[in-house]
Amino acid sequence: MDNETATTGERSETRKRKKDETPMAPSSRNRKRLKSLSELPTMPVDILFEIFSHLTSRDLLMLSRTTKAFRALLHDRRSMTVWMAARHGTPGAPDCPDDVSEPFWANLVFGETKCEHCDRNARRIFFELRCRLCVPCVKEACLNPAGVKKQFPRLGTKVLDSVPYVILPVNGSFNAKQYRLKSEVQSIAAELQRLLDNVTKGVDGAADALEAFSQARIEHVKSLLEYAQKCRKTLANAIVQRSVDAHTFKEQRLMQVCARFEQLGYDQADVRAVIKVSVMSPSLLTERAWKVIQDAYEELVVEAREARLEQVHKEIREARRARIGQVYWDYRRGLRPLEHESAPPSQLVYAFSESLALVNRDPALKEPTDAEYDALKASFPLLIARHTSFINTQLLALREKDPPQGVTYIVDMPPELGPNADATALDLAIFVTLCWTHIQPPFAFRVLLTCPAAVSFGRREALMHLVHGQLAGPEALVAAVPDTSDLYFMRQASVAARALALLAGLDPATATPDDMDTVDARFVCETCRKQGYSGADKGQWVMNWRQCVTHCLRQTRRTWEVRTHQTAEWRILGKAEREAVREAEELEGQDGVAWCCNHCIDAPLDPKPRAEVVLHLATRHDIHSPVNDQDLFVYRTTSKSDCGKKDDSS
């Protein structure tokens, strides 16, 4: 057992000796140690000075604070040329004055931004005092003029002229005071006092010595202040130049980034929209940095490209839409005035499938040609006819639409507007609609007192309420269709208009709004007289046929739910009564019905009395038997823009 143990011990000892004798390769940690600069101070001084000459002043300061050997070497008189070379190699470094050493000047300009007295942050350099102080320490370590004169009453003026100073505001105000270092004030005051004592003792040349010292100090202070101003200007210019250089380097780096993205198929504008110069580092682009930038910004660049292309496509669509609008305007210039009113607005023309095919064509394909726009112009009559048929269908469907909130029909549909009525029934005076856009409960029908434009008679007036402000912006017009959601057919108003047409001697099946306006009859409401709403002592309201229908609508839905005018009774005034009412209306300044010629295409609308328009048709157009809504028409001031506006004249 003991022999085995001894043998095992010998083997382990042998392996240990072999292991110790095997040479070891230096590890990475040892290799780093071999790269240490610990042997640098032992190198020849000439080689060190050659190395140090390529450093900046700040680098030399940091190096002098690493070891005692470097500090002793760099503060030796032989190393002043190294400091001068470092200062010349530092952009924007002010020249070192003769009264301080190069290391002192480098520490003042490029050293830590700390106060020399309290170690607080002090970025401002007082070149006049050759120190860096915070504002509290300036006021503590310096004297203002009042303090100097108080401490040295006999020498105050001479001391002030002989000591450099800095100017600081007082308590943040615009008033400023001069501050001089206490140590220098005391030193100069002691010297002045010595020279002044020599003058008092009558020492030969003492007066000249005092005068020479004072003049020398004044010149020294003047040159010191001027050089301090020059140093501040030099540093300010250096700061600006460093900012410009940094921006230049950042721009170069961004250009390199843009070039890398362009190799991947992106546009430089998209890259610059995402990556700004300010976020770039002022250094050359490396592969590692490019990988980080690509991972961080590539998705954003893709989004920027999509947004840019969408904006470009939007501008192209707007330009095409504007071209279609100009083509449509050229087409409408050849229409008659009544055809102008029946033609759809430009917003709806943009929504035609033929227009959308040109507007939404892929910008990558061929741009629409003039021939294609001319073909679209030639197809406008067919497109407008198709649109008119669609509008007529929608307007006829209003008869089956439920009435507005708070309205209940208790009257039958006029036979002229029954289920078998076609599009021609839309031109009748008994086709009465109400625009609900600006009339909402609970005071819906009260608004009719001040908003007569909400009531439309016939197809021509109803068209004005099909396009309101819901079509905002060109992009919203892609799916634009006439809106009838706020337009209602008013059955009781249609019944009232039918009764008024019969009283006026017209056939409700053929009477148009212009025919009713031509008769220009006056009516009174018999229902109101029987109900006692207007007493005989106050007279009765005299209304034209439009006012009668509006009156019927208003009285049908009263706030106390008394439906008195669902089947109103009317009385038409006789000739004598009608003439008397018209004379009263003229005295009150109420205009009559105005008419316009439908054959003057290029001339602007010129509303006139019907007799003058009839004479114009006979003399200008050789039409001696004019037809309403064909040769002449009633001038309508009502438009979709008037819907909801108050009419103070009513």
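**With respect to the pairing of strand β2 (residues 166-169)**
(1) Moving on: The side-chain alternation of β2 yields one buried face, formed by Val 166 and Leu 168, and one unburied face, formed by Ile 167 and Pro 169.
(2) Moving on: As paired strands, β2 and strand β3 (residues 176-181) are joined by four bridges and run antiparallel to one another. Looking at the pairing, Val 166 lines up with Tyr 179 of β3.

**Quick notes on the side chain of Ser 214**
(1) Moving on: In this fold, Ser 214 is placed in helix α12 (residues 206-263).
(2) Moving on: For Ser 214, a relative accessible area of 7% corresponds to the buried category.

**Remarks on helix α6 (residues 80-88)**
Since the α-helix advances by 3.6 residues per turn, residues separated by three or four positions end up pointing in the same direction.
(1) Moving on: Inspection of α6 places Val 82, Trp 83, Ala 86 and Arg 87 among the buried residues, and these make up the whole buried set. Seen along its axis, α6 keeps its buried residues to an arc of 135°; they face one direction. Facing away from the buried surface of α6 by more than 90 degrees, the exposed residues are Thr 81 and His 88.
(2) Moving on: Those residues of α6 that are buried lie in contact with α3 (45-52), α4 (57-64), α5 (68-74) and α7 (102-110).

**What to know about the confidence of the model for the protein chain**
(1) Moving on: Summarising the model, the protein chain shows a mean pLDDT of 80, and 80% of its residues fall at 70 or more.
(2) Moving on: Of all secondary-structure elements in the protein chain, the lowest mean pLDDT belongs to helix α1 (residues 2-21), at 46, while helix α18 (residues 370-378) reaches the highest, 94.
(3) Moving on: Across residues 534-538, where pLDDT falls below 50, the model places four contacts with residues more than four positions away in sequence or in other chains.
(4) Moving on: Considering only residues more than four positions removed or in separate chains, one finds that residues 644-650, a stretch of pLDDT under 50, has nine contacts.

**Section: the sheet that holds β2**
(1) Moving on: Pairing is antiparallel in the open sheet, where three strands are placed in the order β1-β3-β2. Across the chains shown, the open sheet's two edge strands, defined by having one partner strand only, are β1 (142-143) and β2.
(2) Moving on: Contacting β1 and β3, helix α11 (residues 182-201) runs over the sheet at an angle of about 70° to β3.

**Re the packing of aromatic side chains**
(1) Moving on: Counted according to the given criterion, the structure contains 10 aromatic pairs.
(2) Moving on: With a centroid separation of 5.8 Å and an interplanar angle of 75°, the aromatic rings of Phe 261 and Tyr 266 are classed as edge-to-face. The pair Phe 261 / Tyr 266 is uniform in exposure class, with both members buried.
(3) Moving on: In this structure an aromatic cluster arises from ring pairing among Trp 105, Phe 127 and Tyr 227.
(4) Moving on: One cation-aromatic arrangement involves Lys 401 over Tyr 488; the distance from NZ or CZ to the ring centre is 4.2 Å.
(5) Moving on: The ring centre of Trp 595 lies 5.0 Å from the NZ or CZ of Arg 610, which sits over that ring.

**With respect to the pattern of salt bridges**
(1) Moving on: Under the definition given, this model contains 24 salt bridges.
(2) Moving on: A salt bridge links Arg 571 to Glu 526; its shortest N-O distance comes to 3.5 Å. Of this pair, Arg 571 sits in strand β9 (residues 570-572) while Glu 526 is found in helix α23 (residues 526-531), placing the two residues 45 residues apart along the sequence.
(3) Moving on: Looking at Arg 571, the relative accessible area reads 30%, which means it is partly exposed.
(4) Moving on: Each of Arg 87, Asp 95 and Glu 102 takes part in a single network of salt bridges with overlapping partners.

Cut-off values and rules
- Residues numbered from 1 in each chain as written.
- Predicted model: local features only at pLDDT ≥ 70, side-chain atom pairs only at ≥ 80, totals over all residues.
- Heavy atoms only, no water.
- Buried < 20%, exposed > 50% of the residue type's maximum accessible area, 1.4 Å probe, protein only.
- Helix = DSSP H or I, 4+ residues; strand = E, 2+ residues; numbered from the N terminus.
- Pairing = 2+ DSSP bridges.
- Arc of directions from axis to C-beta.
- Contact = heavy atoms within 4.5 Å.
- pLDDT = per-residue confidence, 0-100.
- Axes fitted to C-alpha atoms, helices over the stretch in contact; angles between N-to-C directions.
- Phe/Tyr/Trp six-rings, centres within 6.5 Å; stacked < 30°, edge-to-face > 60°.
- Lys NZ or Arg CZ within 6 Å of the ring centre and 35° of its normal.
- Salt bridge = Lys/Arg side-chain N within 4 Å of Asp/Glu carboxyl O.

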